[in-house]
Amino acid sequence: MDRLAHNLLDRVRRYIVVTLVFTASMTALVLLLDLMSLRYGGTTTAVLVPAGVLGLVQYVRISGFSMPDLRTATRRRGEVAATVVITTAAWWLAQWQAPLGIGWALPCSMVIGAYLPVVSGWWRWPLAVASGLAVGLSGYGVEQLSGQPSGAASEAWVLVLALLVPFVLFCNVLQVWLWSMVRQLDSARRVAGELAVAEERLRFAAELHDIQGHHLQAIALKGELAARLIGHDDEAARVQATEVGELARTALKETRAVVHGYRRSSLSTEIGNAVDILRAAGINATVRGSATEVPPPLQPLFGILVREGTTNILRHSAAAECSLTVEVDAGRVRVELTNDGVEERDTEPGSGLQGLRERFAVVGGSVRTHREPGGFHLVGEAGIP
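Residues numbered from 1 in each chain as written. Predicted model: local features only at pLDDT ≥ 70, side-chain atom pairs only at ≥ 80, totals over all residues. Heavy atoms only, no water.

Caption draft 1: Quick look at helix 5 (residues 124-145). For helix 5, which comprises 22 residues, the first-to-last C-alpha distance of 31 Å matches the rise-based estimate of 32 Å (1.5 Å per residue) to within 8%. Listed as buried for helix 5 are Arg124, Ala128, Ser131, Gly132, Val135, Gly136, Gly139, Val142 and Glu143. Angularly, the buried residues of helix 5 cover 125° about the axis, an arc narrow enough to put them on a single face. (Helix = DSSP H or I, 4+ residues; strand = E, 2+ residues; numbered from the N terminus. Expected span 1.5 Å × (residues − 1). Buried < 20%, exposed > 50% of the residue type's maximum accessible area, 1.4 Å probe, protein only. Arc of directions from axis to C-beta.)

Caption draft 2: Just the pattern of salt bridges, in detail. Within this structure, the stated rule accounts for 7 salt bridges. Where Glu79 meets Arg61, a salt bridge forms, and the shortest distance between an N and an O atom there is 2.4 Å. On the criterion of sequence distance, the pair formed by Glu79 in helix 3 (residues 79-97) and Arg61 in helix 2 (residues 42-63) is long-range, its members being 18 residues apart. The exposure class of Arg61 is buried, given its relative accessible area of 12%. A salt bridge links Arg334 to Glu381, with the nearest nitrogen and oxygen atoms 3.7 Å apart. One end of the pair, Arg334, is in strand 3 (residues 332-339); the other, Glu381, is in strand 5 (residues 375-383), with 47 residues separating them in the sequence. Residues joined by salt bridges that share partners form a network here, namely Glu327, Arg334, Glu336, Arg368 and Glu381. (Salt bridge = Lys/Arg side-chain N within 4 Å of Asp/Glu carboxyl O.)

Caption draft 3: View of the nonpolar core. By size, the foremost hydrophobic cluster in this structure holds 44 residues, and its most contacted members are Tyr40, Leu48, Tyr59, Trp91, Trp104 and Leu116. Mapped onto this core, the elements with two or more residues apiece are helix 1 (6-36), helix 2, helix 3, helix 4 (106-115), helix 5 and helix 6 (152-229). It is helix 6 that provides the largest number of residues to this core, a total of 9 residues. (Core = buried A, V, L, I, M, F, W, Y, C linked by side-chain atoms within 4.5 Å.)

Caption draft 4: Representation of the packing of helix 2 against helix 3 within the structure. In the contact formed by helix 2 and helix 3, the axes pass within 9 Å of each other and the chain directions differ by 140°. Along this stretch, helix 2 crosses helix 3, giving a crossing that reads as left-handed. Taking contact as the criterion, the partners of Thr44, Val47, Leu48, Ala51, Leu54, Gly55, Gln58, Arg61 and Ile62 in helix 2 are, on helix 3, Glu79, Val80, Thr83, Ile86, Thr87, Ala90, Leu93, Ala94 and Gln97. (Axes fitted to C-alpha atoms, helices over the stretch in contact; angles between N-to-C directions. Left-handed = near helix turned anticlockwise from the far one by under 90°. Contact = heavy atoms within 4.5 Å.)

Caption draft 5: Representation of the pairing of strand 5 in the model. Across the 9 residues of strand 5, 9 count as buried, placing the element largely inside the fold. Because side chains alternate across strand 5, one face comprises the buried residues Gly375, His377, Val379, Glu381 and Gly383, and the other comprises Phe376, Leu378, Gly380 and Ala382, equally buried. Where strand 3 meets strand 5, 8 bridges bridge the pair, whose relative direction is antiparallel. Note on strand 5: the bridge partner recorded for Val335 is Gly380. (Pairing = 2+ DSSP bridges.)

Caption draft 6: View of the packing of aromatic side chains. In this structure the tally under the stated criterion is 1 aromatic pair. Seen in terms of ring centroids, Phe302 and Phe360 are 5.3 Å apart; in terms of plane orientation they differ by 90°. Their pairing is edge-to-face. With Phe302 in helix 9 (residues 299-316) and Phe360 in helix 10 (residues 351-362), this pair connects stretches of sequence that are 58 residues apart. Residue class for Phe302 comes out buried when judged on its relative accessible area of 0%. (Phe/Tyr/Trp six-rings, centres within 6.5 Å; stacked < 30°, edge-to-face > 60°.)

Caption draft 7: View of the environment of Glu293. Note on placement: Glu293 falls in the loop between strand 1 (284-288) and helix 9. Residue Glu293 is classed as exposed on the basis of its relative accessible area, which comes to 51%. Sequence-wise, Glu293 and Glu327 are 34 residues apart; in three dimensions their C-alpha atoms are separated by 8.6 Å.

Caption draft 8: Main features of the sheet that holds strand 5. Spatially, 5 strands are ordered 1-2-3-5-4 in an open sheet, and the strand pairing comes out mixed. Among the strands making up the open sheet, the edge pair consists of strand 1 and strand 4 (366-372). Neighbour to neighbour, the strand axes of the sheet diverge by 10° on average, direction disregarded. Relative to strand 2 (residues 321-329), strand 1 is paired through 5 bridges, and the arrangement is parallel. The partner of Val287 across the bridge, within strand 2, is Leu324. Helix 9 rests against strand 2, strand 3, strand 4 and strand 5 of the sheet, and its axis sits at about 10° to strand 3.

Have a look at this one:
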């Protein structure tokens, strides 16, 4: 997914908002230049300015209605209709006093084009063309009634305005599509991470079942046998009871081994599981070094490190890249996990890392973590005691 985490979602959100604000700012500049031509009287200018500001602000606001989670604002009843009426009236006023004041058609056209992506179905495109024609023809009609017709120039601008609303609609539809795709990818990444954690839990449950199943079954059978032998062959019943106690102690020992991660599984297996889980969550994982060179007595310990580090990456980071390095030198082993998804709000170490430090300390090893701009490192070192 190449960094399609919430970081990308934030960047696309900023891009869309900046694009909308930039478009509104450029339109405001066009309107300002038109006002500086001094073609309008003081009263008309006093009406046009707030109407133009309202239209451009509403263009940015209304564009967000079709993009869930882009902005916190919600649409109010009659808001769009009132904005279209006010900006269209300003457009007519500009045409009445100074024909070819085409710039004042932009606010109402942009508001209509910003709203139409909310309308579902193919017919929003004919509706966009019809709306553009309505804006252009109504302005042309006002110009004719004003007694200051501009001839062929006005007729050409009617066509331009008829295409303006579909153009704004097209631009906003592209932004809506981009926003929808990024949100879907971000949602898929979160689901993948949750599935990876669930898969790890299922693996743990299956491992626990495999280890304990035969012990519990044997304990049940021997307990029943001992109960039947009591009073008939007390010595044999005593032997069975002793074996039940031994099986129970073995089961308890192996249960603790599974819970604390000391089961004698290979480090290579743990690394392979970690890589599969990370990649399933959309994180590019690379491995450097050979796990087979790690001494067998240390493999379970470093397997815990890899498992804990992988879990923390999935739960507490927005990583897109993760690397795992295994180094062995004269019996001294160093394993480092690095990811680029560090989040500054996670400042308190978790109980998992504290448990790792305690386990490594038993064999004279150490576990360290450190942050750097854009990266987090988990390093474990230990040697054969």
